[in-house]
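# Coordinate inspection notes
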Amino acid sequence: METKKYSSYAEIDRDLEILKLEKDINYQKLVLNVQKTKESITPQNIVNSFISSYTDYFSNSYTKILQSVLPYIIGWFINRKRGN
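Residues numbered from 1 in each chain as written. Predicted model: local features only at pLDDT ≥ 70, side-chain atom pairs only at ≥ 80, totals over all residues. Heavy atoms only, no water.

Another point: the overall build of the protein chain. For the protein chain, the count of helices and strands is three helices and zero strands. Ordered by position from the N terminus, the helices and strands of the protein chain form the series α-α-α. When the 84 residues of the protein chain are sorted by exposure, 2% land in the buried category. As displayed, the protein chain has an accessible area near 8,300 Å², and 62% of this comes from carbon and sulfur atoms. (Helix = DSSP H or I, 4+ residues; strand = E, 2+ residues; numbered from the N terminus. Buried < 20%, exposed > 50% of the residue type's maximum accessible area, 1.4 Å probe, protein only. Areas by Shrake-Rupley, 256 points an atom, 1.4 Å probe, with all protein chains shown as cover.)

What follows deals with the pattern of salt bridges. Applying the stated rule across the entire model yields two salt bridges. A salt bridge links Asp24 to Lys20; its shortest N-O distance comes to 3.5 Å. One end of the pair is Asp24 and the other is Lys20, both in helix H1 (residues 9-40) and four residues apart, which spans about a single turn. (Salt bridge = Lys/Arg side-chain N within 4 Å of Asp/Glu carboxyl O.)

Take a nonpolar patch on the surface next. On the surface, Ile65, Leu66, Val69, Leu70, Ile73, Ile74, Trp76, Phe77 and Ile78 cluster together into a nonpolar patch covering about 790 Å² of accessible area. Tracing the chain through its elements places Ile73 in helix H3 (residues 62-82). On the basis of relative accessibility, which here comes to 38%, the residue Ile73 falls in the partly exposed class. (Patch = residues over 30% accessible without salt bridge, like charges linked within 9 Å, V, L, I, M, F, W, Y side chains within 5 Å.)

This is the structure in structure tokens:
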């Protein structure tokens, strides 16, 4: 980083004020992220995310499960009607 040369105290004060504002903004972002993390780690949210992940998995594979199980069910009904 290049060393900046100042010609007056006003320039130094202006840069210090900019740095202070950037520091405050970053601090507020950090506080907000910590708050969001606390909210997401509640037991209810953990259970909901766990259930939703399995729901997504089973809803996407529902047709595959149905296609693999359906022939066995049809065969069971056919054998049941025959008396076997």
